[in-house]
Amino acid sequence: MTQTLLFTILLFAAAICEGQRGNITNESFPHPSLELRVPCQPSPVRIQGETTLYYELHLTNRSAQAIRLHKIEVLSPPNVLSVYQPDALRNRLSMTDHRSDTSEVISLVPDRPAILYVELVLKGKPLPSELNHRISYAVNSPTGLQNGAMQGGVVKPETHAPLILGPPLRGGPWAAVYNPFWKRGHRRVLYSKNGTERIPGRFAIDFIKLNKDGQQTVGDQDSIVHWYGYDQPVLAVADGTISSVRNDFSESVTLSKHPAYPAESATGNYISLQIAPDRYVFYEHLKPGGIQVKPGQMVKKGTVIARVGFTGQTTGPHLHLHVADNDSPLGAEGVPFVFDHFRLLGEYEDFTTFGKSRWQPPSPQQNTDIHQERPGPNQVIQFN
Ligand SMILES: [Zn+2]
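So, a few notes on the structure that sits alongside this text.

How each quantity is defined
- Residues numbered from 1 in each chain as written.
- Predicted model: local features only at pLDDT ≥ 70, side-chain atom pairs only at ≥ 80, totals over all residues.
- Heavy atoms only, no water.
- Core = buried A, V, L, I, M, F, W, Y, C linked by side-chain atoms within 4.5 Å.
- Buried < 20%, exposed > 50% of the residue type's maximum accessible area, 1.4 Å probe, protein only.
- Helix = DSSP H or I, 4+ residues; strand = E, 2+ residues; numbered from the N terminus.
- Domains from an automatic or database assignment.
- Polar contact = N/O pair within 3.5 Å; in protein donor to acceptor, adjacent residues only side chain to side chain.
- Donors = N, O, S within 2.8 Å, 3.2 Å for Na, K, Ca; no water.
- 1 Å grid on protein atoms, 1.4 Å probe; cavity = no way out; pocket = protein on both sides within 12 Å on 5 of 7 lines; lining within 4 Å.
- Points joined across faces, edges and corners; volume = space filled by probe spheres on them.
- Nonpolar A, V, L, I, M, F, W, Y, C, P; charged D, E, K, R; others polar.

Regarding the nonpolar core
Point 1. Phe 207, Val 234, Ile 271, Tyr 283, Ile 305, Phe 337 and Phe 339 are the most contacted members of the largest nonpolar core, which has 41 residues in total.
Point 2. Top element by residues in this core is strand E27 (residues 337–347). It accounts for five residues.
Point 3. Residues lining this core come from more than one domain, with at least three contributed by each of domain 1 (2–155) and domain 2 (163–382).
Point 4. If you look at the next biggest cluster of nonpolar residues, it comprises 28 residues, including Tyr 55, Leu 57, Val 118 and Ile 135.

Okay, structure coming up:
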């Protein structure tokens with residue numbers, strides 16, 4: 001008892017985006033010092049007919065000893081919306097102590113921040129007005145391992161609908177390449193700029209053009225002109241004003257000659273198009289000489305503004321697209337968007353077959369005429 005009282009109780013939640021603070025709830029002893037916060041407000045977006053909330057729960061163990069996680073529940077009191085057991089936590093948590101972890105035990109080591117990446121599918125339930133998190137854990141005590149639970153990380157989801165965009169490219173098939181579970185995918189890469197960590201690519205999609213058999217290239221893959229997507233026109237997704245342009249990258253004509261670039265040059269040639277207050281569409285890896293707009297220029301939805309290219313940090317010609325809350329490729333939070341309309345052609349359930357064989361077609365029950373949704377991970381779509 002005396003030992004457990006020595007643990008500091010520190011639980012707070014802050015939503016920096018909204019300046020919210022969470023409440024403090026103590027459910028049972030022992031109380032490790034675990035900081036919980038959701039720094040960016042959860043954003044709803046529709047994917048495959050389901051409203052899904054994307055956000056990150058940051059957990060920092062301020063105790064002197066490890067905290068073993070049993071499960072993390074996402075709550076919208078009195079409902080439990082999702083339960084993450086160790087297997088799910090292993091796929092969703094970054095920066096835990098994997099050295100000592102078994103399939104049953106996941107530990108938060110002292111003073112090492114961890115992030116739980118949440119994509120919460122609401123399964124027809126209404127958007128919750130508030131989310132809370134219950135952490136079930138065990139810590140060492142003089143009498144052995146003691147179990148406990150605490151709540152924190154209270155946050156209110158964003159209530160307005162995401163931006164609705166027109167097509168960024170013509171026709172198809174285009175593979176919408178992303179997967180929130182990829183450990184080094186856009187959704188999980190944090191950048192620190194001016195002392196603040198952000199995830200600009202939280203909702204980024206890499207568009208790669210395929211032929212009807214699922215191939216990315218005609219002939220030798222090393223030559224960029226052989227890629228179906230190379231030099232395809234890139235379109236303004238909405239009326240707006242060109243906010244910034246970077247156009248000083250040259251292009252290597254082959255993949256094998258392509259140099260590696262640091263994070264600050266990863267974009268290659270890019271355009272940011274402001275389409276609403278605090279909303280900037282980023283088009284990256286554009287072709288040298290293909291950018292047809294200048295900063296300050298107003299453009300109409302559907303205007304050709306650039307060409308798909310092979311500049312910056314990329315493994316082949318494609319269009320990187322994301323929307324952020326500031327005109328900065330790395331110093332901004334990624335915000336959700338949906339496309340007004342696209343046709344679903346299928347998807348790559350097993351991404352190791354990507355570029356080698358054709359995608360799996362939709363099931364007969366699946367809706368393929370999609371309005372105001374984000375493509376699902378690695379779906380293949382056709383724009384108008
Ligand atoms: Zn990308």
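What about the environment of Tyr 178?
Point 1. Its location among the elements puts Tyr 178 in the loop between strand E15 (174–177) and strand E16 (191–193).
Point 2. Spatially, the C-alpha atoms of Tyr 178 and Asp 206 are 6.6 Å apart, while their sequence positions differ by 28 residues.
Point 3. Among the polar contacts made by the side chain of Tyr 178, one reaches the side chain of Arg 374 at a distance of 3.4 Å.

Here's the deal with the coordination of the zinc ion
Point 1. Bound to the zinc ion are the protein donor atoms His 186 (NE2), Asp 206 (OD) and His 320 (ND1), situated 2.1 to 2.2 Å from the metal.
Point 2. Within one chain, the residues donating to the zinc ion are spaced in sequence as H-x19-D-x113-H. One end of the pair, His 186, is in the loop between E15 and E16; the other, Asp 206, is in strand E18 (residues 205–209), with 20 residues separating them in the sequence.

Let's talk about the layout of surface pockets
Point 1. Put simply, the largest pocket is a space of about 780 Å³.
Point 2. Along its surface, the largest pocket is lined by 37 residues, and His 186, Asp 206, His 285, Gln 313 and His 320 are the ones closest to its centre.
Point 3. At the level of elements, E18, strand E22 (279–286) and strand E25 (319–324) are the ones that each hand at least two residues to the lining of the largest pocket.
Point 4. Split into classes, the residues belonging to the lining of the largest pocket amount to 17 nonpolar, 14 polar and six charged.

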